[in-house]
Every structure is written in structure tokens, then in C-alpha cells.
Amino acid sequence: NSKVIQTPRYLVKGQGQKAKMRCIPEKGHPVVFWYQQNKNNEFKFLINFQNQEVLQQIDMTEKRFSAECPSNSPCSLEIQSSEAGDSALYLCASRQGRAEQFFGPGTRLTVL
Amino acid sequence: GQQVQQSPASLVLQEGENAELQCNFSSTATQLQWFYQSPGGSLVSLLSNPSGTKHTGRLTSTTVTKERRSSLHISSSQTTDSGTYLCVHNQGKLIFGQGTKLSIKP
């Protein structure tokens, strides 16, 4: 069973507002991923970290999101100025080495 | 880019029937995984199967790497099996299929 913790489970924001969500990876998992699942159930990779360093991110994330994984603190993903199209389920996953990824329960964001 | 195609998009069965889900992927997978997503959204890894056949409980996955296809067989389905089954190609970041929505009727 996954031990990845995500908070909050639900988040409601107005357009233009910041939206911040957090993730605590499984203990001992240095690699953290963020994915977005939109209303059409399509998954999109957003960004991943190894320890505190960004490994890979997509263009959208680089321009509109702020993400970090500080040591001894939860990882976070923040949309700087929410848009209606950002309404989605945001999933955090962690893994150890090259093993399979384990997912948290997700944060469901609604942008009004 | 990498693609993962799943079929059927949806499947409705009576409890006790077997379910067969298919997945085709566009390049040789370093790791091919099947996930279950509950109606609430939580993702659970079911099987990691880059090649060959693997079993766990009532689930059997067969992956033929050179043909770029994988299947997931659920035997003696139960109503609690209802949900979305996702075929995922793992090349570091995960590439998800569109999923098969499975509904098991009592």
C-alpha cells in the first residue's frame, strides 16, 4: 500500500488565485513526480525531482507553476495564477531507484 | 511521442464473468505497469510486467514486448473490481493509456 501523503484532498480557487498543494513522498524515496489528470481523464507529466533537484519538467510547468522538494519538508506544487483549465486531479508519486512509482490520493483542484 | 492505446474504452460484465483488457504501446517498454484507479481517483499499482506472464490473485498480465502489446485478465470478476484500469508505459516518467472503465453488475 502506498504511503504517499497529499494535502489538501480538495482545493477550490478563483481564477487568478494561487493554488498550492503538498506531497510527502514515501520514506526513503528520493524521486518525486507530479502528474495532472484532466476532466477527460488524460494524464500529463508535469515535473519530477531527485532529492531537491528538478530532473525534468514540461514547458507549462516551467512558466506557470512553482514547484520544490526541500529537504525535511513536504514537496509542493503551486499554480501562480489559476485558470479554469487547471481544474484537474493532481497526483504525486514517489519511487526508490528505478522501481515502480507509488501514488498519493491526489489533490482535486477546482478553479471557478 | 510515446503512445499507449487501450481497448475497450468501457466494459460491462456480470459478476463472475472474466474480463480481458488490452494495451498496445508505441515503443519497447522498459517497464509496463497496470494500475487500478478507484472512482475517487486513487491509483493503485496492480502488476509490473515488462515481458512474459505474471499472476497476482485473480489478475494475470501477459506482455509480448516485440509485438508491443499487453493484456490484463481478471477472472471471476466481482462488483468491487469496478473502476478504471490503466496501462502505463514507464520510461522514467509514466505515459498513461486512456484507460478501460470496467463495470461489474451484481
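A few points on the structure. (Residues numbered from 1 in each chain as written. Chains lettered and ligands numbered in written order. Predicted model: local features only at pLDDT ≥ 70, side-chain atom pairs only at ≥ 80, totals over all residues. Heavy atoms only, no water.)

1. Considerations on the pairing of strand E3 (residues 19-24) of chain A
Residues and elements named next belong to chain A.
Line of reasoning, step 1. Only one face of E3 is buried: it carries Ala 19, Met 21 and Cys 23, and the other face, with Lys 20, Arg 22 and Ile 24, is open.
Line of reasoning, step 2. In this structure, strand E1 (residues 5-7) lies alongside E3, joined through 3 bridges in antiparallel fashion. Residue Ile 5 lies in a different strand from E3, and its bridge partner there is Ile 24.
Line of reasoning, step 3. Sheet topology places E3 next to strand E8 (residues 75-79); 5 bridges connect them, and they run antiparallel. Its bridge partner lying in E8, Lys 20 is registered against Glu 78. (Buried < 20%, exposed > 50% of the residue type's maximum accessible area, 1.4 Å probe, protein only. Helix = DSSP H or I, 4+ residues; strand = E, 2+ residues; numbered from the N terminus. Pairing = 2+ DSSP bridges.)

2. Some words on the sheet that holds E8 of chain A
Residues and elements named next belong to chain A.
Line of reasoning, step 1. Pairing in this open sheet of 4 strands is antiparallel, and the strands run E1-E3-E8-E7 from one edge to the other. Looking at strand neighbours, the two that pair on one side only are E1 and strand E7 (65-68), the edges of this open sheet. Strand after strand, the sheet turns through a mean of 15° between neighbouring axes, direction not considered. (Axes fitted to C-alpha atoms, helices over the stretch in contact; angles between N-to-C directions.)

3. Overview of the nonpolar core
Line of reasoning, step 1. Core analysis: the biggest nonpolar cluster contains 20 residues, and Trp 34, Leu 46, Leu 77, Tyr 90 and Leu 109 of chain A have the highest contact counts within it.
Line of reasoning, step 2. Within the residue set of this core, elements represented by two or more residues are E3, strand E4 (31-37), strand E5 (43-50), E8, strand E9 (88-95) and strand E11 (107-111) of chain A.
Line of reasoning, step 3. Once residues within four sequence positions are removed from consideration, Leu 109 of chain A is found in contact with Leu 11, Lys 13, Ala 19, Ile 79, Asp 86, Ser 87, Ala 88 and Tyr 90 of chain A.
Line of reasoning, step 4. Counting 19 residues, the second-largest nonpolar core is a separate cluster that includes Cys 23, Phe 25, Leu 47 and Leu 72 of chain B. (Core = buried A, V, L, I, M, F, W, Y, C linked by side-chain atoms within 4.5 Å. Contact = heavy atoms within 4.5 Å.)

So far we have only geometry, and geometry alone does not tell us how the molecule works.
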